[in-house]
Amino acid sequence: MTTATAEAAVNTVQIVPSFVQDSWWTPDVEAAPDAVPVRDASTGEVLVTVSAHGLDLAAAVGYGRDTGQAELGKLTFHQRALKLKELAQYLNARREGFYAFSAQTGATKIDSMVDIDGGIGVLFTFASKGRRELPNSQVVVDGPMEILSKDGSFAGEHIFTRIPGVAVQINAFNFPVWGMLEKFAPAFIAGVPTIVKPATPTGYVAAAVVQAMIESNILPAGSLQLVSGSARGLLDELDYRDLVAFTGSASTAQALKSHPNVVAGGVRFTSETDSLNAAILGPDAVPGTPEFDAFVKSMVTEMTVKAGQKCTSIRRAIVPASLVGAVTEAVGQRIQQRVVIGDPRADGVTMGALASLDQLKDVREAVQAMLDAGGELAYGTLDSPRVTAADGSIGEVPDGAFMAPLLLGWNDVDAEAVHSREAFGPVASVLGYTDLADAVRLAARGGGSLVATVCTNDSAVARELVTGIAAHHGRVLMLNREDARTSTGHGSPVPHLVHGGPGRAGGGEELGGIRSVMHHMQRTALQGSPNMLTAVTGVWHQGADRNFTAETEGTHPFRKSLADLKIGDAVRSDLRQITLADITAFANSTGDTFYAHTNAEAAAANPFFPGIVAHGYLLLSWAAGLFVEPLPGPVLANYGLEGLRFITPVAAGDSIRVTLTAKKITPRETDEYGEVAWDALLTNQSDEIVATYDVLTLVEKN
């Protein structure tokens, strides 16, 4: 074995390197008997070879668990998020260079943008959501505290902390960049080191992006490793501390899930696999309607983007039986008018090759099996298409993995093959349904899918179809004239929402914003006293000690910057009595003359009130006056309230006081201020709770 740079070559053909233990690695030429040649999808030219023969996988896992965990553990969620943003900016400035690699996989410029720009966009999204939705710490509190004893001295709640191992990410060939970055981003935010295993046919694209990520010097040591080539034996090195996120075929997922370390060893396993996604056309969406046009456009897009090699592509168009012919004809016409097949480096080409000749063979075999099972070619042919070469010439390219779009028709819409066999290319079937219940039934025959589209402008139809199919799908797009232009489309997962699906689709979830960060964390039930819960979480809990700083230090907590403010610093006001005149004046000045504040007889008849009571917003306003420190200083602004609840009504003659406690302190990494959430407890003269809420303020760091 030799350690080498990313430009290492074997027999004048570059061998794709791995990146492990923070150095580039390739096998000796003679020690790589399993090296696999990878070809240009459009020309058949050998580009690189791939092998991980002799790579010490145990050492890579150990390095991630030790060095990666240690280095990522030095950072908070916000600090990791900022590094992710910096990385996204770095890659974004270099994406044109990645397009050249992507074109060799048969991807057009649009295909490459979906993969490369989409992947970088995921980094930006998680960088933003990580700072907005997670604390600037390393522990996430999940839900409210539960009181477990009468006197409140024993309580419990749930927390999330990162898993202590590595995230092994096994990716599919169709999205070498997006597939890698959409898994890497949430793992990195969570603080879990990543080991990437890309698919061999397009792994050189992933390696190019990893090389840029490493060259950026942004990532902590051990946070990212790359295995180029076979990773047999990798699961042997994993245990309950680790996670495997797989994208690919259902058969491979099943083999991996059967590994003893997954079955009995506790390795977390999530998968996103085959999916016979459906698009359902509502009965109202007849030719001439915007919905019919949007449906046809979506069908052609999903058949031709990435040459149909998307796990989210439409495989089954489920349409009213009377519209099968119209849909087939319209889709065929749009393909003829808009689709130009060829080398993506040629001008005017809108659909490239499949990723490899092996992939082309697999798709053709799948189509033939479907034809043998009762399908028929409704549009297109299995013959090799005439395509546009890179030099602009037109003809057949024997060594190119080109295939023309195909539509299959089915006299028997319940034929098993159409609901169980996926041709992972530019292939879709059109099925006719009799009524909405039949459409739901046909969609469900897919056995669980990643996504479905419901295309209708009838809200009742949308409701019946969506509620009927939702449990069979991970995502449902409702497409009509209102969102046809703005929709991201049937086949485009977004980082804000979950990507996955039940049953055949793998049963997992990816993306989904902060949900996917939590996939890389362990939820633990934490029990103890409020003081101990506060110590572990960094969030003050009701019943924990308070430091009334005006009494102990002679300083109002609003006079403290973030550098001096501590969790538990508090202020307690004097009592202030509320009179009937105060209530009446507030009603008159605000216009809030609700009877409970103005009509004694009606108020007394209300089961919740003892008579005329103070407005809740009067109490909040007075509470602010009771706790505020008026001079300019560290507190810059109040930007809202959270969790407001009115508990006990306050009648004329009652008094109120407020106790305000620093509950959560969140410094901003990029600004000279941060957020402070204050626990506000409003009580009356009998110490009964009147209201509870959190006051949110912006406070200077120094």
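Parameters at a glance
Each chain carries its own residue numbering, running from 1 in the written order of its sequence. This being a predicted model, a pLDDT of at least 70 is required before a residue's local features are given, and a value of 80 or more before pairs of side-chain atoms are given or counted; all residues contribute to the totals for chains, interfaces and linings. As a convention, hydrogens and water are excluded, and side-chain values are obtained from all of the structure's heavy atoms. Under the scheme used here, helices are H or I runs from DSSP no shorter than 4 residues and strands are E runs no shorter than 2 residues, and both carry numbers assigned from the N terminus. Buried means the residue's accessible area, taken with a 1.4 Å probe over protein chains only, is under 20% of the maximum for its type, while exposed means over 50%, and partly exposed covers the values in between. Whether two residues touch is decided by their heavy atoms; if any such pair falls within 4.5 Å, the residues are in contact. Accessible surface is estimated by sampling points in the Shrake-Rupley manner with a 1.4 Å probe; for residues, cover comes only from the protein chains shown. Here the bounds of each domain stem from an automatic or database domain assignment. Buried area adds together the accessible area that both of two parts lose upon being put together, with accessible area traced by a 1.4 Å probe. Salt-bridge detection follows one rule: a side-chain nitrogen of Lys or Arg within 4 Å of a carboxyl oxygen of Asp or Glu. Under the rule applied, a polar contact is a pair of N or O atoms within 3.5 Å (in protein, one hydrogen donor and one hydrogen acceptor; residues adjacent in sequence only if both atoms are side-chain atoms). Each pair of strands is called paired provided DSSP finds at least two bridges between the two strands. Axes here mean lines fitted to C-alpha atoms, for a helix over just the part in contact, with angles spanning 0 to 180 degrees between N-to-C directions. The cut-offs work like this: below 35 degrees is roughly parallel, past 145 is roughly antiparallel, 65 to 115 is roughly perpendicular, and the gaps in between are oblique. For any pair of crossing helices, the crossing counts as left-handed if the nearer helix is rotated counterclockwise from the farther one by less than a right angle, and right-handed if it is rotated clockwise. UniProt positions are given in the numbering used here, feature names are shortened, and annotations may be inferred rather than shown by experiment. Under the counting rule used here, the positive set is Lys and Arg, the negative set is Asp and Glu, and His together with the chain ends is not counted. Patch membership needs two things, relative accessible area over 30% and no salt bridge, and members are linked within 9 Å if like-charged or within 5 Å if nonpolar (Val, Leu, Ile, Met, Phe, Trp, Tyr). Paired rings are identified among Phe, Tyr and Trp, the last through its six-membered ring, by centres lying within 6.5 Å, and are further divided according to the angle between planes into stacked (under 30 degrees), edge-to-face (over 60) and tilted (the rest). Here, a charge over a ring is recorded when the distance from Lys NZ or Arg CZ to the ring centre is within 6 Å and its angle to the ring normal is within 35 degrees. Residue polarity is assigned by list, with Asp, Glu, Lys and Arg as charged and Ala, Val, Leu, Ile, Met, Phe, Trp, Tyr, Cys and Pro as nonpolar; anything else, Gly included, falls into the polar class. What a helix is expected to span follows from its residue count: subtract one and scale by 1.5 Å.

**A word on the overall build of the protein**
Here is step 1 of the chain: Within the protein, the secondary structure is distributed over 21 helices and 33 strands.
Here is step 2 of the chain: C-alpha atoms of the protein, sized along the principal axes, occupy 90 × 65 × 45 Å.
Here is step 3 of the chain: The buried share among the 702 residues of the protein stands at 54%.
Here is step 4 of the chain: Look at the contacts in the protein between residues 6 or more apart in sequence, and 74% of them connect residues 24 or more apart.
Here is step 5 of the chain: Summing over all exposed atoms, the protein offers an accessible surface of approximately 28700 Å²; the carbon and sulfur share of this is 51%.

**Structural notes on the domain arrangement of the protein**
Here is step 1 of the chain: Considered domain by domain, the protein is made up of domain 1 (18-138 + 159-271), domain 2 (278-489) and domain 3 (546-700).
Here is step 2 of the chain: Centre-to-centre separation of domain 1 and domain 3, based on C-alpha positions: 49 Å.
Here is step 3 of the chain: Every contact between the two is made by five residues of domain 1 and, on the other side, four residues of domain 3.
Here is step 4 of the chain: Summing the contributions of domain 1 and of domain 3, the shared interface buries around 410 Å²; its carbon and sulfur component is 60%.
Here is step 5 of the chain: Between domain 1 and domain 3 we count zero salt bridges in total.
Here is step 6 of the chain: Our enumeration of links across domain 1 and domain 3 arrives at three residue pairs in polar contact (both at pLDDT 80 or more).

**Here we look at the sheet that holds strand β26 (residues 521-528)**
Here is step 1 of the chain: Strand order in the open sheet formed by three strands is β8-β9-β26, with antiparallel pairing between adjacent strands. Single-partner strands in this sheet number two, and they are β8 (140-147) and β26. Going from strand to strand, the sheet's axes swing by 20° on average, the running direction of each strand aside.

**Comments concerning unusual backbone geometry**
Here is step 1 of the chain: You will see that aspartate 22, though not glycine, has its phi angle at about 60°, which is positive.
Here is step 2 of the chain: For aspartate 22, the location among the structural elements is in the loop between β4 (18-20) and β5 (23-26).
Here is step 3 of the chain: With a relative accessible area of 34%, aspartate 22 lands in the partly exposed category.

**Considering the packing of helix α9 (residues 290-304) against helix α10 (residues 324-338)**
Here is step 1 of the chain: Here α9 crosses α10 at 55°, and the two axes come no closer than 9 Å. The pairing of α9 with α10 is recorded here as oblique in orientation. When the axes of α9 and α10 are compared, the crossing they make is right-handed. Residues Phe292, Phe295, Val296, Lys297, Met299, Val300 and Met303 of α9 pack against Ala326, Val327, Ala330, Val331, Arg334 and Ile335 of α10.

**Points about the UniProt feature "domain: MaoC-like" (unreviewed entry) in the protein**
Here is step 1 of the chain: As recorded in UniProt, the feature "domain: MaoC-like" (unreviewed entry) lies at residues 568-670.
Here is step 2 of the chain: Helix makes up 32% of residues 568-670 and strand 30%. Its end C-alpha atoms lie 25 Å apart.

**Observations concerning the side chain of aspartate 111**
Here is step 1 of the chain: Note that aspartate 111 resides in helix α4 (residues 109-133).
Here is step 2 of the chain: Buried charge without a partner: aspartate 111 forms no salt bridge, and the closest opposite charge is lysine 306, 6.0 Å away.
Here is step 3 of the chain: Among the polar contacts listed, one links the side chain of aspartate 111 to the backbone nitrogen of threonine 108, at a separation of 3.0 Å.
Here is step 4 of the chain: A distance of 2.8 Å separates a polar side-chain atom of aspartate 111 from the backbone nitrogen of lysine 306.

**Points about a nonpolar patch on the surface**
Here is step 1 of the chain: A cluster of nonpolar side chains, contributed by Ile110, Met113 and Val114, occupies part of the molecular surface with about 240 Å² of accessible area.
Here is step 2 of the chain: Note that valine 114 resides in helix α4.

**Some details on the pairing of strand β24 (residues 498-501)**
Here is step 1 of the chain: Direction of pairing for β24 relative to strand β25 (residues 508-511): antiparallel, over a ladder of four bridges. Residue pairing for β25: glycine 501 is matched across the bridge by glycine 508.
Here is step 2 of the chain: Taken together, β24 and the strand that follows it, β25, pair antiparallel across an intervening segment of six residues, in which glycine 503 is found at a positive phi of about 60°.

**Digging into the sheet that holds strand β17 (residues 375-379)**
Here is step 1 of the chain: Pairing is mixed across the open sheet formed by seven strands, whose spatial order is β17-β20-β21-β16-β15-β22-β23. In this open sheet, the two edge strands, each paired with only one partner strand, are β17 and β23 (473-479). Across the sheet, the mean angle from the axis of one strand to that of its neighbour is 25°, orientation sign disregarded.
Here is step 2 of the chain: Of the strand pairs in this sheet, strand β22 (residues 449-455) and β23 are connected by six bridges, and their pairing is parallel. Across the sheet, residue valine 454 finds its bridge partner in β23, namely methionine 478.

**Brief notes about the packing of aromatic side chains**
Here is step 1 of the chain: For the coordinates displayed, the defined rule picks out eight aromatic pairs.
Here is step 2 of the chain: Aromatic side chains phenylalanine 173 and phenylalanine 424 sit 5.9 Å apart centroid to centroid with 80° between the ring planes, which places their arrangement in the edge-to-face category. Placement of the pair is phenylalanine 173 in the loop between β10 (167-170) and α5 (178-190) and phenylalanine 424 in the loop between α12 (416-420) and β21 (427-433), with a sequence separation of 251 residues. Each member of the pair, phenylalanine 173 as well as phenylalanine 424, carries the same accessibility label: buried.
Here is step 3 of the chain: Measuring from centroid to centroid gives 4.6 Å for phenylalanine 594 and tyrosine 595, while their planes differ by 45°, and the two rings are tilted.
Here is step 4 of the chain: Classification of phenylalanine 594 as partly exposed rests on a relative accessible area of 42%.
Here is step 5 of the chain: One cation-aromatic arrangement involves arginine 572 over phenylalanine 548; the distance from NZ or CZ to the ring centre is 4.1 Å.

**A short note on the pattern of salt bridges**
Here is step 1 of the chain: According to the stated counting rule, one finds 28 salt bridges in the structure shown.
Here is step 2 of the chain: One salt bridge in this structure joins lysine 361 and glutamate 365, with 2.8 Å as the shortest N-O distance. Taken as a pair, lysine 361 and glutamate 365 lie in helix α11 (residues 357-372) at a separation of four residues, close to a single helical turn.
Here is step 3 of the chain: Overall, lysine 361 belongs to the partly exposed group, its relative accessible area being 47%.
Here is step 4 of the chain: A salt bridge links glutamate 551 to arginine 572; the shortest N-O distance between them is 3.6 Å. Residue glutamate 551 is found in helix α17 (residues 549-552), and its partner arginine 572 is found in strand β28 (residues 569-572); the two are separated by 21 residues along the sequence.
Here is step 5 of the chain: Residue class for arginine 572 comes out partly exposed when judged on its relative accessible area of 41%.

**Notes on the packing of helix α2 (residues 77-92) against α5**
Here is step 1 of the chain: As a packed pair, α2 and α5 sit with axes 8 Å apart at the nearest point and diverge in direction by 150°. In terms of orientation, α2 and α5 fall into the roughly antiparallel class. Seen from α2, the contacting residues are Phe77, Arg80, Ala81, Lys83, Leu84, Leu87 and Leu91; seen from α5, they are Leu181, Phe184, Ala185, Phe188, Ile189 and Ala190.
Here is step 2 of the chain: For the contact of α2 with α5, the per-class residue count stands at 11 nonpolar, no polar and two charged.

**Describing the UniProt feature "domain: Aldehyde dehydrogenase" (unreviewed entry) in the protein**
Here is step 1 of the chain: Residues annotated in UniProt with the feature "domain: Aldehyde dehydrogenase" (unreviewed entry) correspond here to residues 34-482.
Here is step 2 of the chain: Strand forms 21% of residues 34-482 and helix 39%; the C-alpha atoms that close the span are 54 Å apart.

**Notes on α10**
Here is step 1 of the chain: Taking 1.5 Å of rise per residue, 15 residues should cover 21 Å, and α10 covers 21 Å from first to last C-alpha, within 8% of that figure.
Here is step 2 of the chain: Taken together, the buried positions of α10 are Val327, Thr328, Ala330, Val331, Gly332 and Ile335.
Here is step 3 of the chain: Of the surrounding secondary structure, the elements contacted by the buried residues of α10 are β15 (277-281), α9, β16 (314-320), β17, β20 (406-410) and β21.

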